[in-house]
Amino acid sequence: MTAACIPISYNNPFFLPTGRGVSETAGKLDEIVEKMLRDCSPSVILDKDTLLQEINEVFEECSVDNWDGYDAKAIDYDSYIEAIRFARSLPTTIPLPEIAVDPDGEVSFEWYQGPRRVFTISIGSRNKIIYAGLFGFNKVNGTECFYDEIPKTILDNLDRLFHF
Amino acid sequence: MMKFLKRFWIILIDYFTSKFGNALIKAVSKDEFLARYLTSSRWFSRENNRVKHHAFMPPSNMKLSVFRIDNLTESQIWKIGQKRVANRMRTRRNLYGRADVKALNVFETGLEIHHDNIPPRHADIVNWPDEKSERKEIALELAANASLKLRP
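Residues numbered from 1 in each chain as written. Chains lettered and ligands numbered in written order. Predicted model: local features only at pLDDT ≥ 70, side-chain atom pairs only at ≥ 80, totals over all residues.

## Considering the overall build of chain B
Secondary structure assignment for chain B yields 4 helices and 8 strands. Helices and strands in chain B line up, N terminus first, as α-β-β-β-β-α-β-α-β-β-α-β. For chain B, the proportion of its 152 residues judged to be buried stands at 37%. (Helix = DSSP H or I, 4+ residues; strand = E, 2+ residues; numbered from the N terminus. Buried ≥ 20, exposed ≤ 12 C-beta atoms within 10 Å, placed from the backbone.)

Have a look at this one:
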(Lines give C-alpha, C1' and ligand atoms only; values in the text may rest on other atoms or scores of the structure.)
Protein backbone atom coordinates (compact mmCIF):
# COMPACT_ATOMS: atom_id res chain seq x y z
CA MET A 1 0.00 0.00 0.00
CA THR A 2 1.24 3.49 -0.77
CA ALA A 3 0.36 6.30 1.57
CA ALA A 4 -0.29 9.72 0.12
CA CYS A 5 1.67 12.52 1.71
CA ILE A 6 0.11 15.95 1.78
CA PRO A 7 2.61 18.79 1.88
CA ILE A 8 2.38 21.20 4.77
CA SER A 9 3.05 24.28 2.69
CA TYR A 10 0.19 26.68 2.27
CA ASN A 11 -0.22 26.16 -1.49
CA ASN A 12 -2.06 22.87 -1.12
CA PRO A 13 -5.81 22.16 -1.18
CA PHE A 14 -5.88 21.45 2.56
CA PHE A 15 -4.60 24.82 3.57
CA LEU A 16 -7.17 27.44 2.80
CA PRO A 17 -6.73 30.68 4.65
CA THR A 18 -10.21 31.68 5.74
CA GLY A 19 -11.77 34.54 7.57
CA ARG A 20 -10.35 37.26 5.36
CA GLY A 21 -13.55 38.24 3.59
CA VAL A 22 -16.43 40.00 5.30
CA SER A 23 -19.16 39.62 2.70
CA GLU A 24 -22.03 37.14 2.87
CA THR A 25 -20.45 35.15 0.06
CA ALA A 26 -17.13 34.98 1.90
CA GLY A 27 -18.95 33.73 4.99
CA LYS A 28 -20.68 31.00 3.01
CA LEU A 29 -17.38 30.03 1.39
CA ASP A 30 -15.80 29.69 4.85
CA GLU A 31 -18.63 27.40 5.91
CA ILE A 32 -18.20 25.22 2.81
CA VAL A 33 -14.44 24.96 3.37
CA GLU A 34 -14.90 24.05 7.02
CA LYS A 35 -17.47 21.40 6.14
CA MET A 36 -15.19 19.99 3.44
CA LEU A 37 -12.29 19.73 5.88
CA ARG A 38 -14.48 18.11 8.53
CA ASP A 39 -15.47 15.46 6.00
CA CYS A 40 -11.85 14.56 5.35
CA SER A 41 -10.41 11.58 7.15
CA PRO A 42 -9.34 12.57 10.69
CA SER A 43 -6.13 10.59 10.18
CA VAL A 44 -5.14 12.95 7.39
CA ILE A 45 -6.10 16.28 8.84
CA LEU A 46 -5.53 18.15 12.06
CA ASP A 47 -8.44 17.81 14.47
CA LYS A 48 -8.95 21.45 15.32
CA ASP A 49 -11.72 20.78 17.82
CA THR A 50 -9.31 18.69 19.91
CA LEU A 51 -6.65 21.36 19.62
CA LEU A 52 -9.00 24.14 20.71
CA GLN A 53 -10.19 21.97 23.59
CA GLU A 54 -6.55 21.47 24.67
CA ILE A 55 -5.95 25.23 24.63
CA ASN A 56 -9.04 25.74 26.78
CA GLU A 57 -7.82 23.07 29.19
CA VAL A 58 -4.44 24.78 29.69
CA PHE A 59 -6.29 28.05 30.17
CA GLU A 60 -8.15 26.46 33.09
CA GLU A 61 -5.04 24.77 34.51
CA CYS A 62 -2.80 27.82 34.34
CA SER A 63 -5.16 30.66 35.13
CA VAL A 64 -3.57 31.61 38.46
CA ASP A 65 -0.07 32.83 39.23
CA ASN A 66 2.38 30.18 40.42
CA TRP A 67 0.39 27.41 38.73
CA ASP A 68 3.60 25.33 38.47
CA GLY A 69 4.86 25.99 41.99
CA TYR A 70 7.97 27.69 40.58
CA ASP A 71 6.43 31.20 40.36
CA ALA A 72 5.16 31.00 36.78
CA LYS A 73 2.81 33.77 35.67
CA ALA A 74 -0.83 32.98 35.02
CA ILE A 75 -1.72 32.44 31.38
CA ASP A 76 -1.83 35.71 29.47
CA TYR A 77 -5.37 36.25 28.19
CA ASP A 78 -4.21 37.99 25.00
CA SER A 79 -1.80 35.13 24.32
CA TYR A 80 -4.68 32.70 24.82
CA ILE A 81 -6.82 34.56 22.28
CA GLU A 82 -3.89 34.67 19.83
CA ALA A 83 -3.25 30.95 20.39
CA ILE A 84 -6.83 30.19 19.38
CA ARG A 85 -6.41 32.33 16.27
CA PHE A 86 -3.12 30.55 15.51
CA ALA A 87 -4.71 27.12 15.99
CA ARG A 88 -7.55 28.06 13.63
CA SER A 89 -5.03 29.27 11.03
CA LEU A 90 -2.89 26.12 11.14
CA PRO A 91 -2.84 24.09 7.94
CA THR A 92 -5.02 21.06 8.44
CA THR A 93 -2.24 18.73 7.30
CA ILE A 94 -0.11 19.39 10.37
CA PRO A 95 -0.17 16.81 13.18
CA LEU A 96 -1.65 17.82 16.50
CA PRO A 97 0.82 19.79 18.65
CA GLU A 98 1.19 19.48 22.40
CA ILE A 99 0.06 22.55 24.32
CA ALA A 100 1.57 24.07 27.45
CA VAL A 101 2.10 27.48 29.03
CA ASP A 102 5.51 29.11 29.45
CA PRO A 103 6.54 30.59 32.82
CA ASP A 104 5.86 34.07 31.38
CA GLY A 105 2.24 33.14 30.67
CA GLU A 106 2.50 32.67 26.91
CA VAL A 107 0.84 29.70 25.25
CA SER A 108 3.28 27.28 23.69
CA PHE A 109 2.80 24.68 20.93
CA GLU A 110 5.27 21.81 20.51
CA TRP A 111 5.59 19.29 17.68
CA TYR A 112 7.72 16.25 18.39
CA GLN A 113 8.95 13.86 15.73
CA GLY A 114 11.68 11.99 17.61
CA PRO A 115 14.85 12.62 19.60
CA ARG A 116 16.35 15.94 18.47
CA ARG A 117 13.51 16.47 16.02
CA VAL A 118 11.27 18.98 17.70
CA PHE A 119 9.83 22.39 16.90
CA THR A 120 8.10 24.78 19.27
CA ILE A 121 6.47 28.19 19.15
CA SER A 122 5.16 30.55 21.81
CA ILE A 123 2.43 33.03 21.05
CA GLY A 124 3.03 36.47 22.41
CA SER A 125 0.23 38.93 23.06
CA ARG A 126 1.40 41.42 20.44
CA ASN A 127 1.20 39.46 17.20
CA LYS A 128 4.55 37.91 17.98
CA ILE A 129 5.52 34.29 17.48
CA ILE A 130 8.71 33.13 19.17
CA TYR A 131 10.04 29.87 17.78
CA ALA A 132 12.86 27.39 18.26
CA GLY A 133 13.65 23.97 16.91
CA LEU A 134 16.11 21.12 16.83
CA PHE A 135 16.60 19.27 13.56
CA GLY A 136 19.30 16.77 14.37
CA PHE A 137 22.39 18.84 15.10
CA ASN A 138 20.93 21.89 13.37
CA LYS A 139 19.15 24.43 15.51
CA VAL A 140 16.90 27.40 14.76
CA ASN A 141 15.34 30.16 16.79
CA GLY A 142 13.77 33.50 16.07
CA THR A 143 10.76 35.76 16.18
CA GLU A 144 8.08 36.37 13.55
CA CYS A 145 5.06 38.63 13.33
CA PHE A 146 1.66 36.98 13.13
CA TYR A 147 -0.96 38.97 11.23
CA ASP A 148 -3.49 37.40 8.86
CA GLU A 149 -1.62 34.20 8.16
CA ILE A 150 0.94 31.97 9.81
CA PRO A 151 4.39 33.24 8.80
CA LYS A 152 6.17 31.31 6.08
CA THR A 153 9.20 30.69 8.34
CA ILE A 154 7.00 28.79 10.79
CA LEU A 155 5.43 26.70 8.02
CA ASP A 156 8.83 26.02 6.47
CA ASN A 157 10.16 24.77 9.80
CA LEU A 158 7.12 22.51 10.28
CA ASP A 159 7.64 21.22 6.76
CA ARG A 160 11.27 20.52 7.60
CA LEU A 161 10.24 18.67 10.74
CA PHE A 162 7.67 16.41 9.13
CA HIS A 163 9.08 15.82 5.67
CA PHE A 164 12.72 14.98 6.21
CA MET B 1 15.77 41.33 64.19
CA MET B 2 17.94 41.38 61.05
CA LYS B 3 21.06 40.68 63.11
CA PHE B 4 19.38 37.72 64.71
CA LEU B 5 18.28 36.35 61.33
CA LYS B 6 21.79 36.74 59.91
CA ARG B 7 23.30 34.87 62.85
CA PHE B 8 20.67 32.18 62.60
CA TRP B 9 21.43 31.87 58.88
CA ILE B 10 25.15 31.39 59.49
CA ILE B 11 24.42 28.72 62.10
CA LEU B 12 22.16 26.95 59.63
CA ILE B 13 24.78 27.01 56.88
CA ASP B 14 27.39 25.66 59.34
CA TYR B 15 25.02 22.91 60.37
CA PHE B 16 24.23 21.80 56.83
CA THR B 17 27.86 22.00 55.76
CA SER B 18 28.95 19.79 58.63
CA LYS B 19 26.08 17.40 58.04
CA PHE B 20 26.40 16.98 54.28
CA GLY B 21 30.12 17.47 53.92
CA ASN B 22 32.24 19.76 51.84
CA ALA B 23 31.45 17.93 48.63
CA LEU B 24 28.22 19.85 48.30
CA ILE B 25 29.67 23.30 48.58
CA LYS B 26 32.21 22.58 45.88
CA ALA B 27 31.61 23.87 42.42
CA VAL B 28 29.40 21.64 40.32
CA SER B 29 31.49 19.24 38.28
CA LYS B 30 30.61 18.49 34.69
CA ASP B 31 29.98 14.81 35.42
CA GLU B 32 27.42 15.52 38.12
CA PHE B 33 23.70 14.92 37.65
CA LEU B 34 21.07 17.52 38.40
CA ALA B 35 17.37 16.86 38.95
CA ARG B 36 14.61 19.18 37.85
CA TYR B 37 11.45 18.13 39.67
CA LEU B 38 8.36 17.99 37.46
CA THR B 39 5.29 19.65 38.95
CA SER B 40 3.16 19.80 35.81
CA SER B 41 1.88 16.88 33.76
CA ARG B 42 2.47 19.00 30.65
CA TRP B 43 6.24 18.96 31.14
CA PHE B 44 6.72 15.36 30.07
CA SER B 45 5.27 12.73 27.76
CA ARG B 46 4.60 9.22 29.06
CA GLU B 47 3.88 8.12 25.50
CA ASN B 48 7.34 9.07 24.22
CA ASN B 49 9.07 8.67 27.59
CA ARG B 50 10.60 12.12 27.27
CA VAL B 51 10.91 15.43 29.04
CA LYS B 52 9.46 18.45 27.22
CA HIS B 53 11.37 21.69 26.95
CA HIS B 54 8.75 23.44 29.11
CA ALA B 55 10.32 21.78 32.15
CA PHE B 56 13.50 23.75 31.50
CA MET B 57 12.05 27.18 30.72
CA PRO B 58 13.31 29.60 33.39
CA PRO B 59 10.88 31.72 35.45
CA SER B 60 10.95 35.51 35.33
CA ASN B 61 13.88 35.73 37.79
CA MET B 62 15.91 33.66 35.27
CA LYS B 63 16.88 31.11 37.91
CA LEU B 64 15.94 27.54 37.05
CA SER B 65 15.75 25.57 40.26
CA VAL B 66 17.48 22.16 40.32
CA PHE B 67 18.97 19.79 42.89
CA ARG B 68 22.33 18.03 42.91
CA ILE B 69 21.61 14.32 43.22
CA ASP B 70 24.95 12.55 43.02
CA ASN B 71 25.65 9.94 45.72
CA LEU B 72 22.00 9.74 46.74
CA THR B 73 19.72 6.71 46.56
CA GLU B 74 16.53 6.88 44.50
CA SER B 75 14.42 7.09 47.63
CA GLN B 76 16.52 9.98 48.96
CA ILE B 77 16.13 11.82 45.66
CA TRP B 78 12.34 11.47 45.78
CA LYS B 79 12.33 12.52 49.40
CA ILE B 80 14.08 15.78 48.49
CA GLY B 81 11.55 16.38 45.72
CA GLN B 82 8.62 15.88 48.04
CA LYS B 83 10.05 17.73 51.02
CA ARG B 84 11.95 20.56 49.34
CA VAL B 85 9.80 21.15 46.28
CA ALA B 86 6.25 19.80 46.40
CA ASN B 87 5.61 20.42 50.10
CA ARG B 88 7.02 23.95 49.97
CA MET B 89 4.83 25.22 47.21
CA ARG B 90 2.25 27.83 48.05
CA THR B 91 -0.42 25.87 46.25
CA ARG B 92 -0.53 22.11 46.58
CA ARG B 93 1.15 20.46 43.61
CA ASN B 94 1.73 16.92 42.51
CA LEU B 95 5.25 15.69 42.04
CA TYR B 96 4.97 13.75 38.81
CA GLY B 97 8.60 12.91 38.26
CA ARG B 98 11.95 14.45 37.53
CA ALA B 99 14.19 15.30 34.64
CA ASP B 100 17.80 14.24 35.25
CA VAL B 101 20.39 16.12 33.27
CA LYS B 102 24.18 16.05 33.38
CA ALA B 103 25.87 19.30 34.39
CA LEU B 104 28.04 19.01 31.29
CA ASN B 105 24.94 19.42 29.11
CA VAL B 106 24.11 22.61 31.00
CA PHE B 107 27.63 24.04 30.63
CA GLU B 108 27.68 23.20 26.91
CA THR B 109 24.73 25.53 26.34
CA GLY B 110 26.62 28.45 27.89
CA LEU B 111 24.61 28.43 31.10
CA GLU B 112 26.10 28.39 34.58
CA ILE B 113 25.13 26.58 37.74
CA HIS B 114 24.96 28.60 40.90
CA HIS B 115 25.02 26.25 43.86
CA ASP B 116 23.51 28.16 46.77
CA ASN B 117 22.93 24.99 48.83
CA ILE B 118 19.75 26.57 50.22
CA PRO B 119 18.08 24.22 50.90
CA PRO B 120 20.86 21.62 50.92
CA ARG B 121 21.81 20.35 47.44
CA HIS B 122 19.87 23.15 45.77
CA ALA B 123 21.30 25.03 42.80
CA ASP B 124 20.04 27.46 40.17
CA ILE B 125 20.78 27.29 36.47
CA VAL B 126 21.57 30.88 35.54
CA ASN B 127 23.03 33.08 32.80
CA TRP B 128 20.07 32.70 30.46
CA PRO B 129 20.11 34.83 27.30
CA ASP B 130 17.85 37.88 27.04
CA GLU B 131 16.04 36.66 23.93
CA LYS B 132 13.20 34.26 24.66
CA SER B 133 13.74 32.39 21.39
CA GLU B 134 17.31 31.59 22.49
CA ARG B 135 16.07 30.46 25.89
CA LYS B 136 13.59 28.16 24.13
CA GLU B 137 16.36 26.67 22.01
CA ILE B 138 18.48 26.00 25.10
CA ALA B 139 15.48 24.48 26.89
CA LEU B 140 14.97 22.17 23.88
CA GLU B 141 18.62 21.16 24.06
CA LEU B 142 18.43 20.44 27.81
CA ALA B 143 15.22 18.45 27.37
CA ALA B 144 16.80 16.43 24.55
CA ASN B 145 19.64 15.47 26.88
CA ALA B 146 17.51 14.85 29.97
CA SER B 147 16.15 11.52 31.06
CA LEU B 148 12.65 11.22 32.42
CA LYS B 149 12.18 9.48 35.77
CA LEU B 150 8.56 9.09 36.73
CA ARG B 151 7.66 8.94 40.38
CA PRO B 152 7.18 5.32 41.49
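After that view, the rundown keeps rolling.
## Details of the overall build of chain A
Looking only at helices and strands, chain A has 4 helices and 5 strands in total. Ordered by position from the N terminus, the helices and strands of chain A form the series α-α-α-β-β-β-β-β-α. Taking all contacts inside chain A whose residues are at least 6 apart in sequence as the whole, residues at least 24 apart take part in 53%. (Contact = placed C-beta atoms within 7 Å.)

## Here we look at the nonpolar core
A:Val58, A:Val107, B:Leu34, B:Val51, B:Ala55, B:Leu142 and B:Ala143 are the most contacted members of the largest nonpolar core, which totals 66 residues. Ignoring anything within four residues of it in the chain, the contact list for B:Ala143 reads B:Val51, B:Lys52, B:His53, B:Ala55 and B:Phe56. (Core = buried A, V, L, I, M, F, W, Y, C linked by C-beta atoms within 7 Å.)

## A few points about the sheet that holds strand β2 (residues 107–114) of chain A
Residues and elements named next belong to chain A. Spatially, the 5 strands line up as an open sheet ordered β1-β2-β3-β4-β5, and their pairing is antiparallel. The open sheet has two edge strands, β1 (98–101) and β5 (138–145), and neither has a second partner. Each adjacent strand pair in this sheet contributes to an overall mean axis angle of 15 degrees, direction not counted. Here 8 bridges tie strand β4 (residues 128–135) to β5, and the two strands are oriented antiparallel to one another. Its bridge partner being in β5, Ile130 is matched across the sheet by Thr143. (Pairing = 2+ DSSP bridges. Axes fitted to C-alpha atoms, helices over the stretch in contact; angles between N-to-C directions.)

## Structural notes on the environment of B:Ser147
Relative to the assigned elements, B:Ser147 resides in strand β8 (residues 147–150). Linking B:Ser147 and B:Arg121, residues 26 residues apart in sequence, is a C-alpha distance of 19 Å.

## What to know about the interface of chain B and chain A
Between chain B and chain A, the contact holds 24 residues from the first and 28 residues from the second. For the side of chain B that touches chain A, the element with the most residues is helix α4 (residues 132–145) of chain B, which contributes 8 residues. Here the side of chain B that touches chain A is built from residues that sort into 6 nonpolar, 9 polar and 9 charged. (Nonpolar A, V, L, I, M, F, W, Y, C, P; charged D, E, K, R; others polar.)

## Concerning the confidence of the model for chain B
With 82% of its residues at a pLDDT of at least 70, chain B reaches an overall mean of 89. Reported confidences for the modelled complex are a pTM of 0.81 and an ipTM of 0.82. (pLDDT = per-residue confidence, 0-100.)

## Here's the deal with the pairing of strand β4 (residues 64–68) of chain B
Residues and elements named next belong to chain B. Where burial is concerned, most of β4 is hidden: 4 out of the 5 residues are buried. Note: β4 against strand β7 (residues 122–126), 4 bridges, orientation antiparallel. Across the sheet, the residue bridging to Ser65 is Asp124, located in β7.

## Notes on the pairing of β1(A)
All names here are of chain A. Pairing analysis gives 4 bridges linking β1 to β2, with the strands arranged antiparallel. Looking at β2, one finds that Glu98 is bridged to Glu110. With antiparallel pairing between neighbouring strands as the criterion, β1 and β2 make up a hairpin whose turn holds 5 residues, including Gly105 at a positive phi of roughly 95 degrees.

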